[in-house]
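A structural walkthrough
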Amino acid sequence: MTSDPLLITTTDALAAFCDRMAGAAFITVDTEFMREKTFWPQLCLVQVGGPNEACAIDPLADGIDLAPLFTLMRDQRTLKVFHAARQDLEIFYNLMGDFPQPLFDTQVAAMVCGFGDSVGYETLATKLAKAHIDKSMRFTDWARRPLTDKQIRYALSDVTHLRVVYEKLSRRLEKSSRAHWLNEEMALLTSVDNYRVDPDEAWRRLKTRTKTPRFLATVKELAAWREIEAQTRDIPRQRILRDEMLLEIAAHAPTTVDALERTRGFSKGQAEGKIGKAILDAVERGKSMPDAELPDPPERKELPQGIGPICDLLKVLLKMRCEENDVAQKLVASSDDLEQIALDDEADVLALQGWRREIFGKDAIDLKHGRLALALSKDGKHVEAVELVDEE
């Protein structure tokens, strides 16, 4: 094991470091993980940067207890700064049962501040911290031990430059009075619904050509079985049963080992073993599911005639308002959001809620109902929104 003082490998050293971080205005956090061979992400390293120091914590070190780290992550006095936090939050949620709080995601903040859609850490570090990020260790095996000094220092660069990135983005948010925008986004990001994996909903990830309810019932049962098996054994879904094989089994709905064995790519040993029995049981559950419990086929999105041009106008309005407010379009509304708004003034989409409604949603509804129009400026160089007066 490397003797680099920047790597924490014992509970005592971790507790001492977390004590030094306690009460800091903010800390920067990042993780390194592997999940190619597992269902759940395997945490391999946690990097934490404080006001005056940064350390990497080795969760794979013998005997280390991460409880002091979790206490720090829950400390409401200290803001936790991540970049593109979703996967990091998934890891902490699985380990802690809750999320680091309070939270600041620099990728989301950058989108709010006009840096474009899903801006990368390297871009922000270059633009805001004037830092050069070494890419040589990007695809390193973080589960392999011992870690080298180069790996550790590369990992720490993800939290050291993040300090400057956070400070500059935070000042921009304050000047633009958009801090509440980010708070809304952090509340959405830490919704537990984003991180719970419900086996009964696993079938919705699959792309099925056939939409008959009975076929979908079999797909649902097979997908639920696979999800539970993958979680329990902590291996990827595709290692249990590939998507294409799952759908083929659902289509043929075999009832015997011999019929299951004839599935392309399925071996005799699999068909005769525990996995074969589990699959046949799932197929039977799908075939015998009561009609009232059959899953509803996904709705085919067929837009009424005339909606297309409305969506196009909404896209122009979205682009215009986002440029005026210097915010990423992707953060405000998706194409699906625009279609739903075109169909329904009360559509349950984020674009009609909170700060998004302030800068776009309200105008979108006004545009639909002729209270707002789009026109070229007199010099023909930009589009303007024109309020229309009701003469009645």
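The following refers to the structure shown. (Residues numbered from 1 in each chain as written. Predicted model: local features only at pLDDT ≥ 70, side-chain atom pairs only at ≥ 80, totals over all residues. Heavy atoms only, no water.)

Check the secondary structure of the protein and you find 17 helices and 8 strands. In terms of its C-alpha atoms, the protein occupies a principal-axis envelope of roughly 75 × 65 × 35 Å. Taking all 392 residues of the protein together, the buried fraction comes to 47%. When contacts within the protein are restricted to residue pairs at least 6 apart in sequence, long-range pairs at least 24 apart make up 63% of them. Total accessible area on the protein is roughly 20,900 Å²; 48% of this is exposed by carbon and sulfur atoms. For the protein, the separation between the mean place of its 54 positive charges and that of its 66 negative charges on side chains is 4 Å. (Helix = DSSP H or I, 4+ residues; strand = E, 2+ residues; numbered from the N terminus. Buried < 20%, exposed > 50% of the residue type's maximum accessible area, 1.4 Å probe, protein only. Contact = heavy atoms within 4.5 Å. Areas by Shrake-Rupley, 256 points an atom, 1.4 Å probe, with all protein chains shown as cover. Lys, Arg positive; Asp, Glu negative; His and termini not counted. Charge placed at Lys NZ, Arg CZ, Asp CG, Glu CD.)

There is a patch of nonpolar side chains on the surface, built from Val316, Leu376 and Val383 and spanning about 230 Å² of accessible area. Tracing the sequence through the fold places valine 316 in helix H14 (residues 307-325). The partly exposed category is assigned to valine 316, whose relative accessible area is 36%. (Patch = residues over 30% accessible without salt bridge, like charges linked within 9 Å, V, L, I, M, F, W, Y side chains within 5 Å. Salt bridge = Lys/Arg side-chain N within 4 Å of Asp/Glu carboxyl O.)

Before going further, it helps to spend a moment on the pattern of salt bridges. Summed over the entire model, instances satisfying the criterion amount to 22 salt bridges. With a shortest N-O distance of 2.7 Å, arginine 237 and glutamate 227 are connected by a salt bridge. Of this pair, arginine 237 sits in helix H9 (residues 237-240) while glutamate 227 sits in helix H8 (residues 213-233); the two residues are 10 residues apart in sequence, bridging distant segments of the chain. For arginine 237, a relative accessible area of 24% puts it in the partly exposed group. What emerges from the salt-bridge pattern is a single network uniting Arg205, Glu227 and Arg237.

Attention now goes to the packing of aromatic side chains. Counted under the stated rule, the structure contains 9 aromatic pairs. Look at phenylalanine 26 and tyrosine 166: their rings are 4.5 Å apart centre to centre, the planes differ by 50°, and that puts the pair in the tilted class. Of this pair, phenylalanine 26 sits in strand E2 (residues 26-34) while tyrosine 166 sits in helix H6 (residues 149-176), and the two are 140 residues apart along the sequence. Across the pair, exposure class does not vary: phenylalanine 26 and tyrosine 166 are buried alike. Between tryptophan 142 and tyrosine 154 the ring centres are 6.2 Å apart and the planes differ by 20°, which places this aromatic pair in the stacked class. Of the two residues, tryptophan 142 is situated in the loop between helix H5 (121-128) and H6 and tyrosine 154 in helix H6; the sequence distance between them amounts to 12 residues. Across the pair, tyrosine 154 and tryptophan 142 agree in class, each one buried. Through pairs of rings, three or more aromatic residues link up here, namely Phe26, Phe104 and Tyr166. (Phe/Tyr/Trp six-rings, centres within 6.5 Å; stacked < 30°, edge-to-face > 60°.)

Take unusual backbone geometry next. A cis amide bond, omega -15°, links glutamine 101 with the succeeding residue proline 102. The linkage connecting arginine 145 with the following residue, proline 146, adopts the cis geometry, with an omega of 5°. In this structure, proline 146 sits in the loop between H5 and H6. One non-glycine residue with positive phi stands out, namely alanine 84, at about 50°. Note on alanine 84: relative accessible area 32%, which makes it partly exposed.

Of note, threonine 208 is situated in the loop between helix H7 (179-189) and H8. Residue class for threonine 208 comes out buried when judged on its relative accessible area of 10%. With near-sequence residues (within four places) excluded, threonine 208 lies in contact with Phe215, Leu216, Val219 and Leu247.

Here we come to the pairing of strand E7 (residues 372-376). As paired strands, E7 and strand E8 (residues 383-387) are joined by 5 bridges and run antiparallel to one another. Across the sheet, leucine 374 pairs through a bridge with alanine 385, a residue of E8. In sequence, E7 turns back onto E8 through a hairpin of 6 residues, with glycine 380 there showing a positive phi of about 70°. (Pairing = 2+ DSSP bridges.)

Let us now look at the environment of aspartate 258. Inspection of the secondary structure assignment puts aspartate 258 in helix H11 (residues 257-261). On the basis of relative accessibility, which here comes to 53%, the residue aspartate 258 falls in the exposed class. Linking aspartate 258 and glutamate 272, residues 14 residues apart in sequence, is a C-alpha distance of 8.6 Å.

Any link to function would need more than the numbers given here.
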